[in-house]
Amino acid sequence: MTTPTVARLSSRAVIAVSGPDWRSFLQGLLTQDVETLAPGELRFAGLLTPQGKLLYDLFVAGTEDGALLDVQADQRDALLQRLTMYRLRAKVTLEASDRPVLAVFGGEVAGEGLYADPRLPALGARAYDDRAANADEDAYDAHRLALGVPGPADWGQERTYPIEANFDLLAGIDFKKGCFVGQETTSRMKRRGTIKTRMLPIAFDGPPPAFGAEVLAGELRAGEVLGGRDGRAMALLRLDRIDGADLTAEGRPVAVDRPAWMAL
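Residues numbered from 1 in each chain as written. Predicted model: local features only at pLDDT ≥ 70, side-chain atom pairs only at ≥ 80, totals over all residues. Heavy atoms only, no water.

## Concerning the layout of surface pockets
Here is the rule: With a 1 Å grid laid over protein atoms only, a set of points is called a cavity when a 1.4 Å probe fits there but cannot get out and a pocket when it is open yet has protein on both sides within 12 Å along at least five of seven lines; lining residues have an atom within 4 Å of a point. Grid points are joined across faces, edges and corners, and a volume is the space filled by probe spheres set on the points. Secondary structure elements follow DSSP: runs of H or I of four or more residues count as helices, runs of E of two or more count as strands, with numbering from the N terminus. Each residue gets one of three labels, nonpolar for Ala, Val, Leu, Ile, Met, Phe, Trp, Tyr, Cys and Pro, charged for Asp, Glu, Lys and Arg, and polar for the others, Gly among them.
As a volume, the largest pocket reaches approximately 350 Å³. In terms of lining, the largest pocket is formed by 23 residues, of which the most central are Asp141, Arg144, Gly151, Pro152 and Ala153. For the lining of the largest pocket, the secondary-structure elements that each account for two or more residues are β4 (54-63), α3 (137-146), α4 (152-155) and β12 (220-229). If one sorts the elements of the lining of the largest pocket by residue count, α3 sits on top with five residues. Residue classes in the lining of the largest pocket are distributed as nine nonpolar, five polar and nine charged.

Okay, structure coming up:
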């Protein structure tokens with residue numbers, strides 16, 4: 001049995017949600033269904049602007065008396081404030097928690113307290129307990145990028161539609177659940193097939209191009225580089241300009257490395 005990697009994700013923090021109305025409260029806000037969330041289950045979701053752009057990404061972890069929201073640490077206070085504004089008369093308790101967030105991946109990922117990552121089995125699981133870490137967040141980011149999965153640094157805040165960030169392919173949107181904030185735009189994009197750009201990994205030699213660097217197909221703009229590391233980065237690309245094209249960024253050749261899970 002191979003020992004899994006356990007990475008402490010210092011960029012993430014937890015909000016504890018409880019109270020008799022917690023399910024219906026979150027159900028009307030998030031892109032993912034929580035009415036059927038069971039204790040021990042994890043779901044990936046977003047909270048969108050009314051115009052349908054990503055405001056906050058989060059994981060919802062089912063517990064015996066409510067849920068844990070796994071969110072960006074530097075956005076937790078703002079998200080708490082927004083959720084409190086939405087709460088109105090709902091019987092919901094929202095509290096910042098000091099639980100750590102850990103990613104467990106590689107090797108044999110199984111055991112008590114682990115929440116299977118709903119996006120891809122290869123991403124492993126999340127944990128919210130005091131288990132010992134044997135790696136840092138950089139190791140997890142390298143693993144995620146190797147799988148071609150974008151992260152919060154790639155989609156930012158209020159600049160990306162969730163479908164552009166592949167939330168629809170990574171179990172981040174339930175199109176059958178009913179209303180949520182920003183649903184109209186999200187559903188229309190999916191229904192009409194008007195998805196012109198998506199995040200895809202690109203490969204190249206050497207260090208990554210600067211964040212925001214243009215990706216060119218010949219002389220035509222094909223997208224922009226997002227987060228990355230030596231040899232690999234995410235990029236937001238126009239799907240109609242990348243197939244069979246000679247792509248460059250900052251004058252260097254780059255190639256799209258479409259992951260197997262992305263069936264487009």
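## A word on the nonpolar core
Quick reminder of the rule: Remark: nonpolar core denotes a set of buried residues (Ala, Val, Leu, Ile, Met, Phe, Trp, Tyr, Cys) joined through side-chain atoms within 4.5 Å. Exposure is judged per residue with a 1.4 Å probe applied to protein chains only, and the accessible area is read against the type maximum: over 50% gives exposed, under 20% gives buried, and values in between give partly exposed. Contact between two residues is taken to exist if any of their heavy atoms lie within 4.5 Å; hydrogens are not considered.
Grouped together as the largest cluster of nonpolar side chains are 33 residues, with contacts concentrated most on Tyr128, Tyr140, Trp155, Phe167 and Met199. At the level of elements, β3 (42-48), β4, β7 (102-105), α3 and β13 (232-238) are the ones that each hand at least two residues to this core. In contact with tyrosine 128, other than residues within four places in its own chain, are Val14, Leu42, Phe59, Ala61, Leu68, Asp70, Arg99, Pro100, Val101 and Tyr115. Counting 24 residues, the second-largest nonpolar core is a separate cluster that includes Leu26, Val34, Leu79 and Leu83.

## Quick look at helix α5 (residues 183-192)
Regarding α5, the residues found buried are Thr185, Thr186, Ser187 and Met189. Residues of α5 that are buried make contact with β3. In the segment just after α5, glycine 193 is the residue with positive phi, at about 70°.

## Focus: the sheet that holds strand β1 (residues 5-8)
Going by this rule: Only strands that DSSP links by at least two bridges are regarded as paired with each other. To obtain an axis, a line is fitted to C-alpha atoms, over the contacting stretch when the element is a helix, and the angle between two such axes runs from 0 to 180 degrees between their N-to-C directions.
Read from one edge to the other, the open sheet built from four strands follows the order β1-β7-β9-β8, with strand pairing classed as antiparallel. In the strand order of this sheet, the two ends are held by β1 and β8 (114-116), each with one partner. When strand polarity is set aside, the average angle formed by the axes of neighbouring strands in this sheet is 30°. Inspection of the sheet shows β7 paired to strand β9 (residues 125-127) by three bridges, in the antiparallel sense. Its bridge partner lying in β9, leucine 102 is registered against alanine 127. The sheet contacts of α3 involve β1, β7 and β9, and relative to β7 the element is tilted by about 50°.

## Focus: the side chain of threonine 31
This is how the line gets drawn: The definition of a polar contact used here is a pair of N or O atoms within 3.5 Å, where within protein one atom must be able to donate a hydrogen and the other to accept one, and adjacent residues in sequence count solely through side-chain atom pairs.
Structurally, threonine 31 can be placed in the loop between α1 (22-27) and β3. Threonine 31 gets classed as buried once you look at its relative accessible area, which sits at 0%. From its side chain, threonine 31 meets the backbone nitrogen of glycine 46 in a polar contact 2.9 Å long. Among the polar contacts made by the side chain of threonine 31, one reaches the main-chain carbonyl oxygen of glycine 172 at a distance of 2.6 Å. Among residues more than four places away in sequence, those in contact with threonine 31 are Ala45, Gly46, Leu48, Gly172, Ile173, Asp174, Lys177 and Phe180.

## Regarding the environment of valine 256
Note on placement: valine 256 falls in strand β15 (residues 252-256). What makes valine 256 partly exposed here is its relative accessible area of 27%. It is 31 Å that separates the C-alpha atoms of valine 256 and alanine 73, two residues lying 183 residues apart in sequence. Not counting residues up to four positions away in its chain, the partners in contact with valine 256 are Leu200, Pro201, Ile202, Leu237, Ile242 and Leu247.

## Topic: the packing of aromatic side chains
Just so we agree on the cut-off: Planes of paired rings set the category: under 30 degrees apart is stacked, over 60 is edge-to-face and the rest tilted, where pairs are Phe, Tyr or Trp rings (Trp by its six-membered ring) whose centres lie within 6.5 Å. Only lysine NZ and arginine CZ atoms are considered, and such an atom sits over a ring when it is within 6 Å of the ring centre and within 35 degrees of the ring normal.
In the structure shown here, the tally under the stated rule is five aromatic pairs. Ring geometry for phenylalanine 44 versus phenylalanine 167: centroids 4.5 Å apart, planes at 35°, classification tilted. Here the residue phenylalanine 44 occupies a position in strand β3, and phenylalanine 167 occupies one in the loop between α4 and α5, the gap between them amounting to 123 residues. Pair check on accessibility: phenylalanine 44 and phenylalanine 167 agree, each one buried. With a centroid separation of 5.6 Å and 70° between ring planes, the pair formed by tyrosine 115 and tyrosine 128 is classed as edge-to-face. One end of the pair, tyrosine 115, is in strand β8; the other, tyrosine 128, is in the loop between β9 and α3, with 13 residues separating them in the sequence. Owing to a relative accessible area of 11%, tyrosine 115 belongs among the buried residues under this scheme. Since its relative accessible area comes to 5%, tyrosine 128 is described here as buried. Grouped by ring-pair contacts, the aromatic residues Phe44, Phe59, Trp155 and Phe167 constitute a single cluster. Taking NZ or CZ as reference, lysine 53 lies 5.2 Å from the ring centre of tyrosine 161, over its face. Above the plane of the ring of phenylalanine 44 lies arginine 119, whose end atom (NZ or CZ) is 5.3 Å from the centre.

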